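# Observations on the three-dimensional arrangement
The lines below spell out each chain.
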Amino acid sequence: MGSTHPLEHAETFALIAVGGFLGSNLRFLIGQFSPGLGGTLVVNALGSAVLGFLAYEALKTDLLSAPSRTVLSTGVLSSFTTYSTFAMETVQATPVLGLVNLFASYGLGFAGVLLGRHLAHSMEGSK
């Protein structure tokens, strides 16, 4: 079992930090145009689609490198999407709106993953 050089860990850490910076700023920008439940719903559904694509792309085409997937999923997407804001906004909404948001968020999240999977599968022949 080979050991990893410490600089490889530092490089990964730095790339994830840059990805986190990009994701959080993109999340902030979308929140400026669509604040509240709507903006959170959009970023979480979009993030689910991109994460679904990344996961299935790794299985089907492997066009992206593992470090690229790590930066995009752990760096960008983890700071772009937000479960805590979703939970807080859902609890603070009226009961009916909260339930609508709950089902819409999970439904669009699952649909996003399926869309990402479909896109990854459609790229299978382009390897």
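Please refer to the structure higher up on the page.
Being a predicted model, the structure only gives us computed values, none of them experimental.

## Thoughts on the overall build of the chain
Along the chain, the regular secondary structure elements total five helices and zero strands. In sequence order, the secondary structure elements of the chain are arranged as α-α-α-α-α. Dimensions of the chain along its principal axes, counting C-alpha atoms only, are 55 × 35 × 30 Å. The buried share of the chain, reckoned over its 127 residues, is 28%. Once local pairs closer than 6 in sequence are excluded, the contacts in the chain between residues at least 24 apart make up 76%. Here the chain has roughly 8100 Å² of accessible surface; of this, 72% comes from carbon and sulfur atoms. Positive and negative charge centroids in the chain, built from 5 and 6 side chains respectively, lie 9 Å apart.

## A few points about the packing of aromatic side chains
A complete count under the given rule lists two aromatic pairs for this structure. Their ring planes at 80° and their centres at 5.8 Å tell us that F86 and Y106 sit as a pair that is edge-to-face. With F86 in helix α4 (residues 83-92) and Y106 in helix α5 (residues 95-122), this residue pair connects regions lying 20 residues apart in the sequence. Here Y106 falls in the partly exposed class, since its relative accessible area comes to 41%. An aromatic cluster of three or more residues is present, and its members are Y83, F86 and Y106.

## Focus: the packing of helix α2 (residues 37-60) against helix α3 (residues 66-80)
Remark: α2 packs on α3, axes separated minimally by 10 Å, with the N-to-C direction vectors making an angle of 165°. The orientation of α2 relative to α3 falls into the category roughly antiparallel. For α2 against α3, the interelement crossing comes out left-handed. Together, V43, L46, G47, V50, L51, L54, E57 and A58 of α2 and R69, L72, S73, L77 and F80 of α3 make up the contact between the two elements. Class assignment for the residues of the contact of α2 with α3 results in nine nonpolar, two polar and two charged.

## Points about the side chain of N44
Residue placement: N44 occurs in helix α2. Classification of N44 as buried rests on a relative accessible area of 15%. The residues touching N44, leaving out its near neighbours within four places in the chain, are T81, T82 and F86.

The rules we used
- Residues numbered from 1 in each chain as written.
- Predicted model: local features only at pLDDT ≥ 70, side-chain atom pairs only at ≥ 80, totals over all residues.
- Heavy atoms only, no water.
- Helix = DSSP H or I, 4+ residues; strand = E, 2+ residues; numbered from the N terminus.
- Buried < 20%, exposed > 50% of the residue type's maximum accessible area, 1.4 Å probe, protein only.
- Contact = heavy atoms within 4.5 Å.
- Areas by Shrake-Rupley, 256 points an atom, 1.4 Å probe, with all protein chains shown as cover.
- Lys, Arg positive; Asp, Glu negative; His and termini not counted.
- Charge placed at Lys NZ, Arg CZ, Asp CG, Glu CD.
- Phe/Tyr/Trp six-rings, centres within 6.5 Å; stacked < 30°, edge-to-face > 60°.
- Axes fitted to C-alpha atoms, helices over the stretch in contact; angles between N-to-C directions.
- Parallel < 35°, antiparallel > 145°, perpendicular 65-115°, else oblique.
- Left-handed = near helix turned anticlockwise from the far one by under 90°.
- Nonpolar A, V, L, I, M, F, W, Y, C, P; charged D, E, K, R; others polar.

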